[in-house]
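The chain contents come next:
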Amino acid sequence: MDLANLQPPVFHRLMVKEGVANFLRHAILSGKLNPGDLIVEMKWAKQLKVSQSSVREAISRLESDGFVEPLANRRTCVTLFTPERVRHTFRIRASLESLAVELCAQQKQPHWLDSLQRAADEMAAAAMGGDVQRFFDRDLVFHQRLWEYSGNPLLPRLLRQLVIPLFGFVIMKVNPSPVVTEDLVKRAATHQQIVNLIRQEDPAAAAEFMRRTIDGFCERILGLLEKQAAVPAGE
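Here is what the cut-offs are and how they apply
Residues numbered from 1 in each chain as written. Predicted model: local features only at pLDDT ≥ 70, side-chain atom pairs only at ≥ 80, totals over all residues. Heavy atoms only, no water. pLDDT = per-residue confidence, 0-100. Helix = DSSP H or I, 4+ residues; strand = E, 2+ residues; numbered from the N terminus. Phe/Tyr/Trp six-rings, centres within 6.5 Å; stacked < 30°, edge-to-face > 60°. Buried < 20%, exposed > 50% of the residue type's maximum accessible area, 1.4 Å probe, protein only. Lys NZ or Arg CZ within 6 Å of the ring centre and 35° of its normal. Axes fitted to C-alpha atoms, helices over the stretch in contact; angles between N-to-C directions. Parallel < 35°, antiparallel > 145°, perpendicular 65-115°, else oblique. Left-handed = near helix turned anticlockwise from the far one by under 90°. Contact = heavy atoms within 4.5 Å. Nonpolar A, V, L, I, M, F, W, Y, C, P; charged D, E, K, R; others polar.

(A) Molecular detail of the confidence of the model for the chain. This prediction gives the chain a mean pLDDT of 87; 89% of its residues lie at or above 70. Of all secondary-structure elements in the chain, the lowest mean pLDDT belongs to helix α7 (residues 154–174), at 85, while helix α4 (residues 83–105) reaches the highest, 96.

(B) Representation of the packing of aromatic side chains within the structure. For the coordinates displayed, the defined rule picks out 6 aromatic pairs. For the ring pair Phe135 and Phe136, a centre distance of 5.9 Å and an interplane angle of 75° mean the geometry is edge-to-face. The exposure class assigned to Phe135 is buried, which follows from its relative accessible area of 0%. Pairwise contacts between aromatic rings join Phe135, Phe136 and Phe167 into one cluster. When the ring centre of Phe81 is taken as reference, the NZ or CZ atom of Arg85 above it lies at 5.4 Å.

(C) A look at the packing of helix α8 (residues 181–199) against helix α9 (residues 203–230). Between α8 and α9, the shortest axis-to-axis distance is 9 Å and the interhelical angle comes to 160°. Between α8 and α9, the angle is such that the two are roughly antiparallel. You can see that α8 and α9 cross each other, and the crossing is left-handed. Contacts from Asp183, Arg187, Thr190, Gln193, Ile194 and Leu197 in α8 reach Ala205, Ala206, Phe209, Met210, Thr213, Phe217 and Arg220 in α9. Here the residues of the contact of α8 with α9 are counted per class, giving 7 nonpolar, 3 polar and 3 charged.

Dropping the structure here:
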């Protein structure tokens, strides 16, 4: 792929590893690096004007976060989501995130509910305005806040590693497809319903609604992948 437009940032000496990791993470989430693309240490070290060891450490960090995966012969590529892997990942996500929302709904008048409501409101505003990038950004913020507010310290780490690479993959697959305002508004409404169920302190209903929502979204993404695979290359 053409990476000529990717301008290398200037890294502080003590923050090189984190800077490289952030740069590559952004390239993946923005679709500049696609699932299956090789991450070649020497090439990135030259382009970013850093040492190969810094790139290697950054890749190790990205691997632990689920953005890249190792291949044979010490090679690394951006995590490749096959339909089977998408299904498995969504299944685990449904279990963990339904637990997160259940734990949130068990809390009595939580102080953080206004913060979650703001994220839902921002999603709705982006949907009404047809701002797809803003919508996905606020969508991720909503879920990250939900994980944190669950009160279980393990859930945010597990869900970040599981969901954020999947989220980037979904954005890459959805962006080439027509996204209508009505669809975004419906998705925003499901997030508002999650807030409502937490506010009603109904853990079982909140968990079941979250599971059904994630299962339904999984089927939509798998259907989109099937349609895209059926389109001949170049069309």
